[in-house]
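Here are the chains, one letter per residue:
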Amino acid sequence: MSDSAITTVSAGWATVAAGLLGLLAIAAAMLDGVLRTRAAGARSLGLSVPVGEVARLLRQRRRTTVAADRLLWRIGGAGLLVMALMIITVVPLDRWTLVDLDVGVVWFNAMDVLAWAFVWLTGWGANSAHSLVGGYRFLAHGLGYELPLMFALVAPAVAASSLNVGAVAAAQDDLWFVVWMPVAFLAYCLGAVAIAVWGPFSPALGADIAGGVTAELSGVDRLLFVGGRYAVLAAGAAFAVPMFLGGGAGPLLPGWAWVLVKTAAVLGVFVWLRRRLPAVRPDLFMEFGWVVLLPAVLVQDLIVAVIAVGSG
Amino acid sequence: MLTHIAFWVLAVAAVLAGAAVFWVNSMARASYALAVSFIAVGVQVLLLQQNYIGVVTILMMVMEMAVMAVYMVMFMGMNPALMPMSMVHDKRHARAVAIGVFVALAAGALLVPWPARRGAPADDVTAALGEELMGPKMLVMAAVGVVMAVTIVAGVVLAAHRSRYDRFGDDLRRRPANDPQPGGVGR
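Rules of the game
- Residues numbered from 1 in each chain as written.
- Chains lettered and ligands numbered in written order.
- Predicted model: local features only at pLDDT ≥ 70, side-chain atom pairs only at ≥ 80, totals over all residues.
- Heavy atoms only, no water.
- Helix = DSSP H or I, 4+ residues; strand = E, 2+ residues; numbered from the N terminus.
- Rg over C-alpha atoms; globule rule 2.2 N^0.38 Å.
- Axes fitted to C-alpha atoms, helices over the stretch in contact; angles between N-to-C directions.
- Left-handed = near helix turned anticlockwise from the far one by under 90°.
- Contact = heavy atoms within 4.5 Å.
- Nonpolar A, V, L, I, M, F, W, Y, C, P; charged D, E, K, R; others polar.
- Salt bridge = Lys/Arg side-chain N within 4 Å of Asp/Glu carboxyl O.
- Buried < 20%, exposed > 50% of the residue type's maximum accessible area, 1.4 Å probe, protein only.
- Lys, Arg positive; Asp, Glu negative; His and termini not counted.
- Phe/Tyr/Trp six-rings, centres within 6.5 Å; stacked < 30°, edge-to-face > 60°.
- Domains from an automatic or database assignment.
- Polar contact = N/O pair within 3.5 Å; in protein donor to acceptor, adjacent residues only side chain to side chain.
- UniProt positions renumbered as here; feature names shortened; annotations may be inferred.
- pLDDT = per-residue confidence, 0-100.

Visitor: Lay out the overall build of chain A with the relevant residues and their values.
Guide: Along chain A, the regular secondary structure elements total eleven helices and two strands. Of the regular secondary structure in chain A, the N- to C-terminal order runs β-α-α-α-β-α-α-α-α-α-α-α-α. A compact globule built from 312 residues would reach a C-alpha radius of gyration of about 20 Å, and chain A, at 19 Å, matches this within 12%. Dimensions along the principal axes, computed over C-alpha positions, put chain A at roughly 60 × 40 × 40 Å.

Have a look at this one:
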C-alpha cells in the first residue's frame, strides 16, 4: 500500500507511453486483420490488413457533405485518440507513471465519458441521417453501460481505500481483485469494450445504417476514428491491469513486462470477442443495463465494502 | 506565477465559451460550448488543488451535455433541434435581466469588504470540504437529493404521453406491458 513505490517520470516519457499505446493498437489491428482473414477463409495470414487499410485511407480523397458541421465533426473524429492518450497518463507501468494523480480512478471515468461526446459529435457533424442515427445508438448504449462501469470502478477503489491507480495496484499484493470481484471486472470489461464502440457495442457503426457514425468518414478522418477505437480499446485493457489484474505482479519477468503482457492478453481477448459475441441492440440493452447489470454491480460493491470494513 | 497565468487564461476561456452558447446557431454547438466552458472551470478547480471536485466537474458536465443531446431529440422533436436556430429568446427582457444581474453581482464583488484570511487551508481540502458539506448538513443534503430525484421522475412522467394505463391496461393487470419499444429482459 506504499504510494512511494510509484515514481513519476518526466514529461518526455509521454512520447514513449504514446508509442507503447500505438504499438498495442497496431498489434490489436493486426490480430483483428488475422481473425478477419481467417473468418473469410482466405489463404494469406492477414497480418498486413491494417497496413493496406492505412495506405488506402492516407491516399483517399476527403468526402464532403452538404452543410456539415465541420468543426464538431473533426473534433469528434480526432477525439477518441486524444481520449486514449489521456487515459494512459494515469496508468502506471509497474513503478513508473506519467502522472501520479490522487484521483486517477475518477480521471479514467471522466475521460471515458468523453466517448459520449466524441462519438455523438462524429455522428452529428456529417449532417447525414445514417451517421446521426449511429450517434444516438451509441448514446443509447451509453445510458446502459456507463453507470455499471462507474460502479464497477468503485469496487477496487473501496477495497484499496484509495482513488490512486498505483495504490489500487499495490493493494493486490496477496490477491488480485479480479478473483474476488469478478462481477465488477466483467462490467468494467463491458464498459471498456463499449467506449471503443467495439464488438457487441458496434451497432453504432452498423452495416444496417451504412456504417453509422463512420458512414461519411473518409481518408485521414476515418483513419483517426478507426485508429482511435483501437487506441481506446488498448487503453481500456491497460487500465484493467492495475485495477483488477494485480498491476506488475508476476513471477520471473520484471514488473513492467508483466504489465505489458497482461495488457496484451486482455486486449487480445477484447479483439477476439468481436466475432464471438452478437451485437447488442441499443433499445434492448438499455433495460438490461439498468435491471440486471446495475443491481449486480451494486451488490458487488456492497460485498466488497462489507469485506473491506470487516478486514480493515 | 504559471498557475496564475493558467487560471486567468482558463477564466477567459470559460467566459468566452459560455458566451458562445448564445452566439452560435446550432443546439449541438451551444451544448458543447457549454461543456467546454465547464471543462475550463473544472481545470480551474484542479488548479485550486481540489482534484476530486475538478475531475468530477469535468465528468459530470460532459455527460450532462451528451444527455442533453438525447433530450434534444426526445422532447423537442427532430426538426427544431437539428436545424440552425437562434439560441436567444425574448431578447429585450433577457438583456435587461442579464445586465441587472451582472451589475448587482459585480457591485457586490467590488463593494463588499472582503475578510482577511484567518488560518491556513487544511491539508486535504477535498476531505475538509466534504466534512463541511456532509457533516452537520447531511440531513439537508439527503433531503435535497431525494427532492431532485423526485423532480426528475415527475418531470419525465408529466412529459410522457403514455401513462401506466396505456402500458398495463385499464385494470393495470396486463403482463407484459404493452410498450411500443420492448425492453431487453422481456418484462
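Picking up where we left off.
Visitor: How would you explain the packing of helix α2 (residues 49–59) of chain A against helix α9 (residues 219–244) of chain A if you had to name every residue and give the values?
Guide: Residue and element names in this part refer to chain A. Running from amino to carboxyl end, α2 crosses α9 at an angle of 145°, the nearest separation of the two axes being 6 Å. Where α2 crosses over α9, the handedness of that crossing is left-handed. Two secondary-structure elements touch here, α2 through Val54, Leu57 and Leu58 and α9 through Gly219, Val220, Arg222 and Leu223. Looking at the contact of α2 with α9 residue by residue, the class counts come to five nonpolar, one polar and one charged.

Visitor: Describe the interface of chain B and chain A, with residues and values.
Guide: The partner chain A presents 30 residues to the 27 residues of chain B that form the contact. Summed over the shared surface of chain B and chain A, the result is one salt bridge. For the side of chain B that touches chain A, the elements supplying multiple residues, two or more each, are α2 (27–47), α3 (51–76) and α4 (78–82) of chain B. The element best represented in the side of chain B that touches chain A is α3(B), accounting for 13 residues. In terms of residue class, the side of chain B that touches chain A is built from 19 nonpolar, six polar and two charged.

Visitor: An account of the environment of Leu34(B) is needed here, citing residue identities and associated values.
Guide: Residues and elements named next belong to chain B. Assignment of secondary structure puts Leu34 in helix α2. In this structure Leu34 comes out as partly exposed when scored by relative accessible area, which is 27%. With residues up to four places along the chain from it excluded, the contact list for Leu34 reads Val21 and Met65.

Visitor: If you had to explain unusual backbone geometry to someone new, which residues and values would you point to?
Guide: Across the junction of Arg175(B) and Pro176(B), the peptide omega takes the value -5°, indicating a cis bond. Position of Pro176(B) among the secondary structure elements: in the segment after α8 (164–168). The phi dihedral of Val197(A) is positive, around 50°, even though this residue is not glycine. Examined against the element boundaries, Val197(A) turns out to sit in the loop between α8 (182–195) and α9.

Visitor: Describe in detail the environment of Leu277(A), supporting the description with residues and values.
Guide: Checked against the element boundaries, Leu277(A) lands in the loop between α10 (255–273) and α11 (282–311). Placed 77 residues apart in sequence, Leu277(A) and Pro200(A) show a C-alpha to C-alpha distance of 6.0 Å.

Visitor: Lay out the side chain of Arg229(A) with the relevant residues and their values.
Guide: Residue and element names in this part refer to chain A. Mapped onto the fold, Arg229 is located in helix α9. For Arg229, which is buried and forms no salt bridge, the nearest opposite charge comes from Asp32, at a distance of 7.7 Å. Setting aside chain neighbours within four positions, we find Arg229 in contact with Leu80, Ala196, Val197, Trp198 and Leu205.

Visitor: Just give me the short version of the packing of aromatic side chains, but keep the residues and values in it.
Guide: Residue and element names in this part refer to chain A. Counting across every chain of the model gives 14 aromatic pairs over all chains. With a centroid separation of 5.9 Å and an interplanar angle of 75°, the aromatic rings of Trp120 and Tyr136 are classed as edge-to-face. One end of the pair, Trp120, is in helix α4 (residues 104–125); the other, Tyr136, is in helix α5 (residues 129–160), with 16 residues separating them in the sequence. For the pair Trp120 and Tyr136, one class covers both residues: buried. Here Phe177 and Trp180 contribute two aromatic rings whose centre-to-centre distance is 5.8 Å and whose plane-to-plane angle is 80°, an arrangement assigned as edge-to-face. Here the residue Phe177 and the residue Trp180 both occupy positions in helix α7 (residues 177–180), the gap between them amounting to three residues, near one helical turn. Within the aromatic cluster, the residues linked to one another by ring pairs are Phe108, Phe185, Tyr188, Phe239 and Phe244.

Visitor: Can you explain the environment of Leu233(A)? Please cite residues and give values.
Guide: Within the secondary structure layout, Leu233(A) lies in helix α9. For the pair Leu233(A) and Leu298(A), spaced 65 residues apart in sequence, the C-alpha separation works out to 25 Å.

Visitor: So, the domain arrangement of chain B: which residues are in play, and what are the values?
Guide: How large an interface is tends to be reported as the accessible area lost when its parts come together. Looking at the assigned domains, one finds that chain B contains domain 1 (2–112) and domain 2 (137–187). Taking only C-alpha atoms into account, the centre of domain 1 of chain B sits 30 Å from that of domain 2 of chain B.

Visitor: Summarise the side chain of His141(A); cite the residues concerned and give the values.
Guide: Residue and element names in this part refer to chain A. Looking at the element boundaries, His141 is found in helix α5. Within polar-contact distance, the side chain of His141 engages the backbone oxygen of Val280 at 2.9 Å. Those residues within four positions of His141 in sequence are excluded, and the remaining contacts are Pro200, Phe201, Pro203, Val280, Arg281, Pro282 and Phe285.

Visitor: Please give an account of the pattern of salt bridges that cites residues and values.
Guide: What the rule picks out here adds up to twelve salt bridges over all chains. Among the salt bridges present, the one from Arg281(A) reaches Asp283(A), with a minimum N-O distance of 2.7 Å. On the basis of relative accessible area, Arg281(A) is assigned to the partly exposed category, the value being 48%. In this structure, Glu132(B) engages Lys137(B) in a salt bridge whose closest nitrogen and oxygen atoms are separated by 3.3 Å. By relative accessible area, Glu132(B) is classed as partly exposed at 48%. One network of salt bridges, in which partners are shared, links Asp32(A), Arg274(A) and Arg275(A).

Visitor: Residues and numbers for the UniProt feature "transmembrane region" (unreviewed entry) in chain B, please.
Guide: All names here are of chain B. UniProt marks residues 6–24, 31–47, 53–75, 96–116 and 138–160 with the feature "transmembrane region" (unreviewed entry), using the numbering shown here. Along residues 6–24 one finds 95% helix and 0% strand; the C-alpha atoms at either end are 26 Å apart. With 100% helix and 0% strand, the stretch residues 31–47 has end C-alpha atoms that lie 25 Å from each other.

Visitor: Account for the UniProt feature "transmembrane region" (unreviewed entry) in chain A, naming residues and giving values.
Guide: The feature "transmembrane region" (unreviewed entry), as annotated in UniProt, sits at residues 12–35, 71–93, 105–126, 147–171, 177–198, 230–249, 255–273 and 285–309 of chain A in this numbering. Structurally, residues 12–35 of chain A comprises 92% helix and 0% strand, and the distance from its first C-alpha atom to its last is 36 Å.

Visitor: So what's going on with the confidence of the model for chain B? Which residues, and what values?
Guide: Per-residue pLDDT for chain B averages 85, and the proportion of residues at 70 or more is 93%. Confidence, read as mean pLDDT per element, is least for α4(B) in chain B (56) and greatest for helix α5 (residues 91–111) of chain B (93).

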